[in-house]
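Summary of structural features
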Amino acid sequence: MTVQIAPQAVMILVIGCIVGLTVYRHTARTHTGAPTRGDLVGAIGTAVGVITVLASSSA
């Protein structure tokens, strides 16, 4: 069975993932002290927020 996804929905998901990845990498670079990984929870929250805003504004 093939499930078709609207192109607009895919673009919203891709934009949210790109913003989340950008936040994750930015938090890893701006951390003071020993090198650590980025803020995963903040990145996921930001991605979900962007997806929610874009999805609600496109409906």
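Look up a bit, the structure's there.
Since we're looking at a predicted model, the values are computed, not measured.

1. Overview of helix α2 (residues 40–58)
- An ideal rise of 1.5 Å per residue puts 27 Å on 19 residues; α2 measures up with 27 Å between its terminal C-alpha atoms.
- N-cap assignment for α2: the residue whose side-chain oxygen lies 3.3 Å from the backbone N of glycine 42 is aspartate 39.

2. As for the packing of helix α1 (residues 7–29) against α2
- Between α1 and α2, the least distance of the axes is 8 Å, while the angle of their chain directions is 150°. Considering the angle they form, α1 stands roughly antiparallel to α2. Relative to α2, the crossing made by α1 is right-handed. Contacts between α1 and α2 involve Gln8, Ile12, Leu13, Ile15, Gly16, Val19, Gly20, Val23 and Tyr24 from the first element and Leu40, Gly42, Ala43, Thr46, Ala47, Val50, Ile51, Leu54, Ala55 and Ser58 from the second.
- Looking at side-chain class alone, the contact of α1 with α2 contains 13 nonpolar, six polar and no charged residues.

3. Concerning a nonpolar patch on the surface
- Side chains of Met1, Val3, Ile5, Val10, Val14 and Ile18 sit close together on the surface and give an oily, nonpolar patch of about 660 Å² of accessible area.
- Within the secondary structure, isoleucine 5 sits in the segment before α1.

Reading guide: rules and limits
- Residues numbered from 1 in each chain as written.
- Predicted model: local features only at pLDDT ≥ 70, side-chain atom pairs only at ≥ 80, totals over all residues.
- Heavy atoms only, no water.
- Helix = DSSP H or I, 4+ residues; strand = E, 2+ residues; numbered from the N terminus.
- Expected span 1.5 Å × (residues − 1).
- Polar contact = N/O pair within 3.5 Å; in protein donor to acceptor, adjacent residues only side chain to side chain.
- Axes fitted to C-alpha atoms, helices over the stretch in contact; angles between N-to-C directions.
- Parallel < 35°, antiparallel > 145°, perpendicular 65-115°, else oblique.
- Left-handed = near helix turned anticlockwise from the far one by under 90°.
- Contact = heavy atoms within 4.5 Å.
- Nonpolar A, V, L, I, M, F, W, Y, C, P; charged D, E, K, R; others polar.
- Patch = residues over 30% accessible without salt bridge, like charges linked within 9 Å, V, L, I, M, F, W, Y side chains within 5 Å.
- Areas by Shrake-Rupley, 256 points an atom, 1.4 Å probe, with all protein chains shown as cover.
- Salt bridge = Lys/Arg side-chain N within 4 Å of Asp/Glu carboxyl O.

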